[in-house]
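One letter stands for each residue in the lines below.
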Amino acid sequence: MSRICSSRYVKNNDIRYGLKVAHRDPQSSKVIGLQCRFCIAFGREEKLGSKRKVATTVQGWSHPFRYDNIENHLRNHHSGQWALY
Ligand SMILES: [Zn+2]
């Protein structure tokens, strides 16, 4: 079994990054999917004045988790909420 310490699920990061557990492996009950709570609660911060509908896609990540990517998403799409969080 390969073991990638840097990208395994870190429970404390759920709070740190506002993540929601979306999927668990039914057999091992390991977390295999995460969703962004900011996307769920607020939607992405789209540019104002756009005629296009606001994207309602919730950002999700699957195992192995790259927490640097997750942090980038927060900075890019939820910079307001992330700063307050
Ligand atoms: Zn998000």
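Worth saying up front: this structure is predicted, and the values here are computed from it rather than measured. (Residues numbered from 1 in each chain as written. Predicted model: local features only at pLDDT ≥ 70, side-chain atom pairs only at ≥ 80, totals over all residues. Heavy atoms only, no water.)

Student: Hey, could you go over the sheet that holds strand 1 (residues 19-24) for me, with residue numbers and the actual values?
Tutor: Spatial strand order, 1-2-3: 3 strands in an open sheet with antiparallel pairing. Sheet topology places strand 1 and strand 3 (60-62) at the edges, where each strand pairs with a single neighbour. Each strand of the sheet is rotated relative to its neighbour by a mean of 25°, with strand direction disregarded. Here strand 1 runs beside strand 2 (residues 31-36); their pairing, made up of 5 bridges, is antiparallel. Bridge assignment links Val21 to a residue of strand 2, and that residue is Leu34. (Pairing = 2+ DSSP bridges. Helix = DSSP H or I, 4+ residues; strand = E, 2+ residues; numbered from the N terminus. Axes fitted to C-alpha atoms, helices over the stretch in contact; angles between N-to-C directions.)

Student: With reference to specific residues and values, describe the coordination of the zinc ion.
Tutor: Coordination sphere of the zinc ion, protein contribution only: Cys36 (SG), Cys39 (SG), His73 (NE2) and His78 (NE2), at 1.9 to 2.3 Å. For the zinc ion, the 4 donor atoms are set out with angles of 104 to 113° between them, so the coordination reads as tetrahedral. Note on His78: relative accessible area 0%, which makes it buried. (Donors = N, O, S within 2.8 Å, 3.2 Å for Na, K, Ca; no water. Tetrahedral: all angles 85-135°; square planar, octahedral: opposite > 155°, others 65-115°. Buried < 20%, exposed > 50% of the residue type's maximum accessible area, 1.4 Å probe, protein only.)

Student: Which residues make up the packing of aromatic side chains, and what values go with them?
Tutor: Going through the model one piece at a time under the given rule, you end up with 5 aromatic pairs. Ring geometry for Tyr9 against Phe65: centres 6.1 Å apart, planes inclined by 65°, an arrangement best described as edge-to-face. Highlighted residues: Tyr9 in the segment before helix 1 (12-17) and Phe65 in the loop between strand 3 and helix 3 (67-77), separated in sequence by 56 residues. Between the aromatic rings of Phe65 and Tyr67, the centroid separation amounts to 6.4 Å while the plane-to-plane angle is 50°, which identifies the pairing as tilted. Each member of the pair Phe65 and Tyr67 is classed as buried. A network of ring pairs unites the aromatic residues Tyr9, Tyr17, Phe65, Tyr67 and Trp82 as a single cluster. (Phe/Tyr/Trp six-rings, centres within 6.5 Å; stacked < 30°, edge-to-face > 60°.)

By themselves, these observations are geometric and do not establish any function.
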